[in-house]
Amino acid sequence: MVREMDLLEQFRDLSLACEVTPYSLRLGTFRITSELLGDIRKDQKTDPFLRTQFEAIESGRDSSFNAGLDGALRL
């Protein structure tokens, strides 16, 4: 049981669905996420060059960028 509790502590930050039984430890699905895309979207809004690209896309002018469904610019 001590070993199972140690594993639970190690995986706690991964948002695992855990079930401890007397003879086993069951781990459900887990999801590893990255905040990178959110950081990119946030920082694109403060970059002067990329702001002009957003404005060009919104006004229908030609731009080598396009906006994805998630709101991030793509080249």
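Keep in mind that what you see is a predicted model, and the values were worked out from it rather than measured.

Participant: I'm lost on the packing of aromatic side chains in this one. Help?
Facilitator: The description of an aromatic ring pair rests on the distance of the ring centres and on the angle between the ring planes. Throughout the structure, instances matching the rule amount to 1 aromatic pair. Ring geometry for Phe 49 against Phe 65: centres 6.0 Å apart, planes inclined by 70°, an arrangement best described as edge-to-face. Placement of the pair is Phe 49 in helix α3 (residues 48–59) and Phe 65 in the loop between α3 and β3 (66–67), with a sequence separation of 16 residues.

Participant: Which parts of the structure should I look at to understand a negative patch on the surface?
Facilitator: A cluster of acidic residues, Glu 35, Asp 39, Asp 43 and Asp 47, forms a negative patch at the surface. Here Glu 35 shows up in the loop between β2 (24–27) and α2 (36–44). The exposure class of Glu 35 is exposed, given its relative accessible area of 63%.

Calculation rules
Just so you know, the residues in each chain are numbered from 1, in the order the chain's sequence is written. The predicted origin of the model limits local features to residues at a pLDDT of at least 70 and limits the giving and counting of side-chain atom pairs to 80 or more, whereas totals for whole chains, interfaces and linings rest on all residues. Values reported for side chains reflect all heavy atoms of the structure, with hydrogen atoms and water molecules removed beforehand. What counts as a ring pair is set by centres within 6.5 Å for rings of Phe, Tyr and Trp (its six-membered ring), and what kind of pair is set by the plane angle: stacked under 30 degrees, edge-to-face over 60, tilted for all other angles. Only DSSP runs of H or I with at least four residues qualify as helices, and only runs of E with at least two residues qualify as strands; both kinds are numbered from the N terminus onward. Exposure above 30% relative accessible area and the lack of any salt bridge qualify a residue for a patch; like charges then connect within 9 Å, and the nonpolar side chains Val, Leu, Ile, Met, Phe, Trp and Tyr within 5 Å. Per-residue and other accessible areas were derived by the Shrake-Rupley procedure at a 1.4 Å probe size, with only the shown protein chains allowed to occlude residues. Should a side-chain nitrogen of Lys or Arg be within 4 Å of a carboxyl oxygen of Asp or Glu, the pair is scored as a salt bridge. Counted as positive: Lys and Arg. Counted as negative: Asp and Glu, with His and the chain ends omitted from the count. Here the site of a charge means NZ on Lys, CZ on Arg, CG on Asp, or CD on Glu. Classification of residues uses two cut-offs on accessible area relative to the type maximum, computed with a 1.4 Å probe and protein chains only: under 20% is buried, over 50% is exposed, and between them is partly exposed.

No statement about biological role is implied by the geometric values presented.
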